[in-house]
Amino acid sequence: MAAFDVTDEQRALHAAAQGFFSEVSSEAAVRAQLGEPAGFDRGAWQRAVHELGLAGLAVPVDLNGSGASWTDAAIVLEEAGRFLYGGPLLSSLMATAVLRECPGPRSDALLARLADGAVVALSWDGGCSVDDGLLSGTTRYVVDGSSAEVLLVLGADDMYAVDLDTAATREPQLAFDRTRKLAVVTLEQSPAVVLDGDLRRAHDLLDVLQAAELLGSAQQALDLAVAYAKERVQFGRAIGSFQAIKHLLADLLLEVESARSAVYYAAAAADEGSDELERVAPLARAYTADVLLQAASDGMQVHGGISFTWEHPAHLYFRRAKAGQQLFGDPRSHRELLAQRLGLREIA
Amino acid sequence: MAAFDVTDEQRALHAAAQGFFSEVSSEAAVRAQLGEPAGFDRGAWQRAVHELGLAGLAVPVDLNGSGASWTDAAIVLEEAGRFLYGGPLLSSLMATAVLRECPGPRSDALLARLADGAVVALSWDGGCSVDDGLLSGTTRYVVDGSSAEVLLVLGADDMYAVDLDTAATREPQLAFDRTRKLAVVTLEQSPAVVLDGDLRRAHDLLDVLQAAELLGSAQQALDLAVAYAKERVQFGRAIGSFQAIKHLLADLLLEVESARSAVYYAAAAADEGSDELERVAPLARAYTADVLLQAASDGMQVHGGISFTWEHPAHLYFRRAKAGQQLFGDPRSHRELLAQRLGLREIA
Amino acid sequence: MSSDATVDLEQARAEVRAWLAEHWDPNGDKRAFNELLADSGWAAPTWPVGRFGRGLPRAARRVVNEEFRAVGARGTGQDVTNLFAGVVLAHGTEEQQDLFLRKLVSGAWRGCLLYSEPGAGSDLAAVQTRAEPDGDGWLVNGQKVWTSGARESQVGLLLARTDWDVPKHKGVSFFLLPMDQDGVDVRPIPQVTGGAHFNEVFLTDARAGREHLLGELHGGWRVLQTALGLERQIMGSESSGGGGSRTPDPESPWTRVIGGVDYLELARQEPRDTEIRQRVAQMYTLEQVNRWNGLRARAERGHGAASPVASLGKLAMSRIVHTAVQLTATMLGPEVLLDGPEHPVASEVNRSAFAAFVTSIGGGTDQIQRNILGERVLGLPKEPEVDRDVPFREVRKAEATRRFS
Amino acid sequence: MSSDATVDLEQARAEVRAWLAEHWDPNGDKRAFNELLADSGWAAPTWPVGRFGRGLPRAARRVVNEEFRAVGARGTGQDVTNLFAGVVLAHGTEEQQDLFLRKLVSGAWRGCLLYSEPGAGSDLAAVQTRAEPDGDGWLVNGQKVWTSGARESQVGLLLARTDWDVPKHKGVSFFLLPMDQDGVDVRPIPQVTGGAHFNEVFLTDARAGREHLLGELHGGWRVLQTALGLERQIMGSESSGGGGSRTPDPESPWTRVIGGVDYLELARQEPRDTEIRQRVAQMYTLEQVNRWNGLRARAERGHGAASPVASLGKLAMSRIVHTAVQLTATMLGPEVLLDGPEHPVASEVNRSAFAAFVTSIGGGTDQIQRNILGERVLGLPKEPEVDRDVPFREVRKAEATRRFS
């Protein structure tokens, strides 16, 4: 497989994404949104949609998208994760993945709306069930649920799309990770459209996309800790010269770079339609989540007391890391999936 | 509970045990036995039996034993473990525990033989089964199986004693831990005596005794590593001055001292007949085994290349540590037992 | 223990019981009781007579404690727990003891710690707050951080630099700084948990009088060692039961609850898979061995032996709290994504995830603890110290100030 | 990649194919083939013409490799794998290149490493083996350890001290020591595994001639850096596939087997509990990410970018082998208590448990690796070096000799 061959276009995309998120998702911009349980910076999102084509990044060109690869999507999400971007980018790319794997006119219509910036959220907690084409139930932890026009309801074996019109009620949920906007959505016999397709591959793609975002946050947590270790002086020398700190950061470097390899190998597997995806996707998802938790946690430790202050960004990455342990399933369940796909027999 | 109150008598016992094992189980003495798959130094064992009364240490005085407490037994086993003593001391104390928990004339007779130095071994792998009072089967990994006169066959719910006369065949097994003599014993319709008593408590006592021996080995592995870290110079200073080594040893100190607390708390619970024993015994057993593995493994790492030479004792502790992971059950099974006894419901 | 000692203890028990019977009224005025208590010597029974103690042996503490607990009275045990009075007793002149001890023992005055600075965390000897001679006292300028209780305190234990031309340890002095003055500006530090337990304290021409210098001028490092030793002793006795600041209950098989959630109760609620069961058993093990270490340290101290176990508690507790938080979060599942009063369990567990860093960073990071264990307990050699023999003025330093609030 | 380069590659392919067609005979005399190979330049295609290479670009290596593999011939790729020839090429005089290169490339001579000593392991600059001027050469005295292949080698890459009155790095020289002489005494070191892969080499008035000094006198540290770099490159290319010394097979989802036991096959044999399943998945993850790191390093090198990933392999592999051994042993159960030929699986797993330490200790311990990663990749500052500016004579040293055999 041709993983890790970075093209000049991808280098340019990376630079563009980094430039964009460093601006619209600067620490000040992120902090400005911390108190908002439902919203996000709509101006920034409009720019993402219309200037950079990020909403429709992986939407086919004939549906007004940018027609980018999953590797491209990973590149952009990595930078979004690095800057803790809180707009509906991950949701849009996840929805794109699901819809592309369930081809048909209905999906095409939704993809076109997506590319135009409409927010499509995912229900992933199994809180809704379908009866006679009507969806009912309460689904929680829906990312961007407050601002979504459409909800995709993911099951293990089926998938539905429902328009979040007045029939649905949404209630913002205050997330521990303040940079992520969650909601409870309650549906009462909402008309739903069934989406048929390769749901297994769709789930795998979601894992890859999330892993890319987690990777970016981990990289930044590491970078912040390294910078601090070089600058902070105690006992007459930079604390990064002490083995206790140096070795902790070296171990973290190994983890973060390994997570990067996992993400881009997985993205390449997705792009090439490789069978390896079924193992690589849950692997990358579980691993990046754990690497981010380690990076954010060790990052707090390296920063010492200052990490305990609200003003310092270390805690924002720690919050993102804790969310990465549970949002869209935990690392344990992804490792169990990997074990099954490696041929370990199911426990009776 | 009155754990950790060390009496003057116990201090004296500790010193005597240390003196004895440092002599009969010096590194040279241990190495002299490494090539012997079945035997041990019988002269040293006769001294242990007759001069120090160690074979019958925990046998009641009226059966010619020393009538010592389980805490006393732990003190002696800790020193035996420190010096990797290879004679049938652990077997004798384990047999004592089983027999004392199964009171009656038959047990008394065996206890008296034990106190006189007869080797009594334990079958623990479930390899034998009883039919109409006759034991048959092949049991492996029997410590001191080659030299034993009597075999105690431990089940979860029953316990038998069988004389290892000509009816049984024994075959020494070469153990990875060369300091421990294992054998396969095959029984064919050997007449067996059933032992009734508090088998649950008997099993718990075995865990405590084994834990004490594991602790001693862990302490010595740590002591050797610390001594080397003080003496070994690289980059113009003792390697123990580098945080990488210092912190590794500090973490190990925490583990070894914690293991000591666990062992002596467990021994006190055994002595006082406390209900706590049922939780403390498997806890101490699992924990000390893992602490020893860490101590022996980190010990190898601290010693660097020299630990890879046959002449250096580091590998002897590593071998003992690996054995501690499997002999008489593994740490996982003991933790599972602990979980059950903490009230975690059984998995369906 | 000799039978004479036993007699003494029983006599002490009779005396404290009689004193409590006479003076303790659960519904009475607490402040008045505390004044009486200070004068009675029962607040710190092992301290000297005339210094708010009764000159009793250490073993008497337990007896006095038992009697206080029996009637529900508080305020004894200060010979162990009152760091502020303890350091004054150890290093104060007679005049200073007269001036401070009674106020501190009776609780009329409270104290806070002015050691850490933005540029001096792990490395306290690098403080840059300066105390400069002024008349018959000093003018103090600088910034301190991580001070809890600063607003409620009358006395701050202050470490400040009085000589810049000698190596760092040799140029610091220790002061009992009056907190209630214009030069002292206390500002709460907004924390990641949303609270503000800690403060920064800005000192701008704050005045310390002659009577506020504790120990020798430039001899502050020695005084600080006493104060840190007392603090470790307090933390050790708190953690010895594995129960944070709660009294250890040896009868209870587990004494620790993370964020209001008992991980063991949680684990019991449904059958858990083997991986969780293993983690629960390991968690319980870490907790119990730490509790037993505490009991063992106490027993060894009782025998007059120096116990290496006593110094393990802080590092052990760091692993315990971090592990417990993660295990609890794993068992709770996606609920921990949430925060706020509508989700009290989740928000408490999440708050605890942050609080765990107070244990692994505050009062000496895990890394510093490992240095201490390696050097003081195992006897491993120190690292080369680049600032050891260099005048502090020339040492590379961290920034001295930073505004958190 | 330019199309010119592609043309070059295809031309190289045609040439090597033609050469192999003419000279390679699977049943022929291997030694004669190796001589021809050395002269052909295909053994080290990127080296200069006239120096046993063909001056081809790096990209040609893969092409040449493919053609050799296609016919089952060996001996190419020495521009990457022949450390001994590589260091002579980099630092040798014309005379030395003439003297050594051909013998080394043709395999007529083998080499071994005489760096480590009982007193110089992690700290190679502290070697105490001394080379003292004698006539127009040197007399060498001292002891080296951990030398593999010493008995089969004709040339030893020797680091020895030639000046004791300067700091340690500045007083060492690098020699191509003839191994076949009386002053060189090779003794195998009995290992914990029972084998004796490594040797100690005792040097007693061993002679090195003028032509055996490689690089400048007292300039051995620079030569050593080249040699260590070549060694890391070799180890990196071996570990890049996660397959020890085997060629990584990107088609195979797992490439690593511990002690003859494939942990994954073992895990598949019966339903395993969730704890084992989690550990298997984690183990597989460590292995795969390391394999991908290797592929990525190769891709980034291909683009001419310096890749931080290339230096991660050794530390990663250490964790992989230690973890795999333990997981395998856990799954095998009590069988691993045994050893010896009657229990081949157990004894192989146990042997691997020891062999794992070769990875975590040999060729730079994990601790040294973390220093390197922290300093060279992350740019963290070095520790203070106490022996930095001190004449080596005055530096505190470890014991120089020790007899293992």
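Residues numbered from 1 in each chain as written. Chains lettered and ligands numbered in written order. Predicted model: local features only at pLDDT ≥ 70, side-chain atom pairs only at ≥ 80, totals over all residues. Heavy atoms only, no water.

### What about the overall build of chain C?
Part 1: Tallying secondary structure elements over chain C gives 12 helices and eight strands in all.
Part 2: Over its C-alpha trace chain C gives a radius of gyration of 23 Å, about what one expects of a compact globule, namely 22 Å for 405 residues.
Part 3: Along the first, second and third principal axes, the C-alpha set of chain C runs to 75 × 55 × 45 Å.
Part 4: Within chain C, the proportion of its 405 residues that are buried is 53%.
Part 5: Sequence separation of at least 24 residues holds for 68% of the intrachain contacts in chain C that already meet a minimum separation of 6.
Part 6: Total accessible area on chain C stands at roughly 17,400 Å², and carbon and sulfur atoms take up 49% of it.
Part 7: Placing the 47 positive and 53 negative side-chain charges of chain C at their respective mean positions leaves the two points 3 Å apart. (Helix = DSSP H or I, 4+ residues; strand = E, 2+ residues; numbered from the N terminus. Rg over C-alpha atoms; globule rule 2.2 N^0.38 Å. Buried < 20%, exposed > 50% of the residue type's maximum accessible area, 1.4 Å probe, protein only. Contact = heavy atoms within 4.5 Å. Areas by Shrake-Rupley, 256 points an atom, 1.4 Å probe, with all protein chains shown as cover. Lys, Arg positive; Asp, Glu negative; His and termini not counted. Charge placed at Lys NZ, Arg CZ, Asp CG, Glu CD.)

### What about the overall build of chain A?
Part 1: Within chain A one finds 11 helices and nine strands.
Part 2: Judged by the C-alpha coordinates and their principal axes, chain A covers about 70 × 45 × 45 Å.
Part 3: Counting every position in chain A, which comprises 348 residues, the buried fraction comes to 66%.
Part 4: Long-range contacts, defined here as pairs at least 24 residues apart, represent 75% of the contacts in chain A between residues at least 6 apart.

### Points about the packing of helix α4 (residues 70–82) of chain B against helix α5 (residues 89–101) of chain B
Residues and elements named next belong to chain B.
Part 1: Running from N to C, α4 and α5 point in directions that differ by 160°, and their axes come no closer than 10 Å. Here α4 is positioned roughly antiparallel relative to α5, judged by the angle of their axes. Of the two possible hands of crossing, α4 and α5 adopt the one that is left-handed. Residues Trp70, Ala73, Val76, Leu77 and Ala80 of α4 pack against Leu89, Leu90, Leu93, Thr96, Ala97 and Arg100 of α5.
Part 2: When its residues are assigned to classes, the contact of α4 with α5 shows nine nonpolar, one polar and one charged. (Axes fitted to C-alpha atoms, helices over the stretch in contact; angles between N-to-C directions. Parallel < 35°, antiparallel > 145°, perpendicular 65-115°, else oblique. Left-handed = near helix turned anticlockwise from the far one by under 90°. Nonpolar A, V, L, I, M, F, W, Y, C, P; charged D, E, K, R; others polar.)

### Observations concerning the domain arrangement of chain A
Residues and elements named next belong to chain A.
Part 1: Entries for chain A in the domain assignment read domain 1 (8–197) and domain 2 (200–341).
Part 2: Taking only C-alpha atoms, the centre of domain 1 and the centre of domain 2 are 22 Å apart.
Part 3: Taken together, the 37 residues of domain 1 in the interface contact 37 residues of domain 2.
Part 4: Summed over both partners, the interface of domain 1 with domain 2 buries about 3,300 Å², with 66% contributed by carbon and sulfur atoms. (Domains from an automatic or database assignment. Buried area = accessible area lost by both parts, 1.4 Å probe.)

### Some details on the relation of the copies chain A and chain B
Part 1: Superposing chain A onto chain B takes a rotation of 180° combined with a translation of 0.0 Å along the rotation axis, leaving an RMSD of 0.0 Å. Taken together, the rotation and translation describe the operation of a two-fold axis. Every residue of chain A has its C-alpha some distance from the rotation axis, and the shortest such distance is that of Gln243 of chain A, at 2.8 Å.
Part 2: An overlap of 100% is found between the interface residues of chain A and their copies at the interface of chain B, pointing to a shared contact surface. (Least-squares fit on C-alpha atoms with pLDDT ≥ 70 in both.)

### Considering the interface of chain A and chain C
Part 1: If you look at the interface, chain A gives 40 residues, while chain C gives 53 residues.
Part 2: A combined buried area of about 3,900 Å² lies between chain A and chain C, and 61% of that area is made up of carbon and sulfur atoms.
Part 3: A per-residue breakdown of the area chain A buries against chain C is headed by Phe235, Phe308 and Arg332 of chain A, which together make up 20% of the total.
Part 4: Remark: the boundary between chain A and chain C carries five salt bridges.
Part 5: For Asp339 of chain C, the salt bridge goes to Arg178 of chain A, with nearest N and O atoms at 2.8 Å.
Part 6: One can count 19 residue pairs in polar contact (both at pLDDT 80 or more) joining chain A with chain C.
Part 7: It is helix α10 (residues 314–324) of chain A that contributes the most residues to the side of chain A that touches chain C, five residues altogether. (Salt bridge = Lys/Arg side-chain N within 4 Å of Asp/Glu carboxyl O. Polar contact = N/O pair within 3.5 Å; in protein donor to acceptor, adjacent residues only side chain to side chain.)

### Section: the packing of helix α10 (residues 313–332) of chain C against helix α11 (residues 344–361) of chain C
When two helices pack together, their arrangement is captured by the angle between the axes and the distance separating the axes.
Residues and elements named next belong to chain C.
Part 1: Between α10 and α11, the least distance of the axes is 9 Å, while the angle of their chain directions is 160°. Overall, the two elements α10 and α11 adopt an arrangement that is roughly antiparallel. The hand of the α10/α11 crossing is left-handed. Residues Lys314, Met317, Ser318, Val321, His322, Val325, Thr328, Ala329 and Leu332 of α10 form the contact with α11, whose own contacting residues are Val345, Val349, Ser352, Ala353, Ala356, Phe357, Thr359 and Ser360.
Part 2: Residue composition of the contact of α10 with α11, by class: 10 nonpolar, six polar and one charged.

### A short note on the side chain of Ser92 of chain A
Residues and elements named next belong to chain A.
Part 1: Summarising the element assignment, Ser92 is placed in helix α5 (residues 89–101).
Part 2: Look at Ser92 and you get buried, because its relative accessible area is 0%.
Part 3: If sequence neighbours within four positions are ignored, Ser92 has contacts with Trp45, Ala55, Leu114 and Val120.

### So, the environment of Lys30 of chain C
All names here are of chain C.
Part 1: Mapped onto the elements of the fold, Lys30 is located in helix α2 (residues 30–40).
Part 2: Given the relative accessible area of 43%, Lys30 is considered partly exposed.
Part 3: A C-alpha to C-alpha distance of 40 Å links Lys30 and His218, two positions 188 residues apart in sequence.
Part 4: Within the structure, the side chain of Lys30 is placed 3.1 Å from the backbone oxygen of Pro26, a separation counted as a polar contact.

### A few points about the environment of Pro190 of chain D
Part 1: Here Pro190 of chain D lies in the loop between β6 (184–188) and β7 (198–208).
Part 2: For Pro190 of chain D, a relative accessible area of 35% translates into the label partly exposed.
Part 3: Sequence separation between Pro190 of chain D and Phe404 of chain D is 214 residues; the distance between their C-alpha atoms is 7.5 Å.
Part 4: Once residues within four sequence positions are removed from consideration, Pro190 of chain D is found in contact with Phe308, Thr309 and Trp310 of chain B together with Gly195, Phe404 and Ser405 of chain D.

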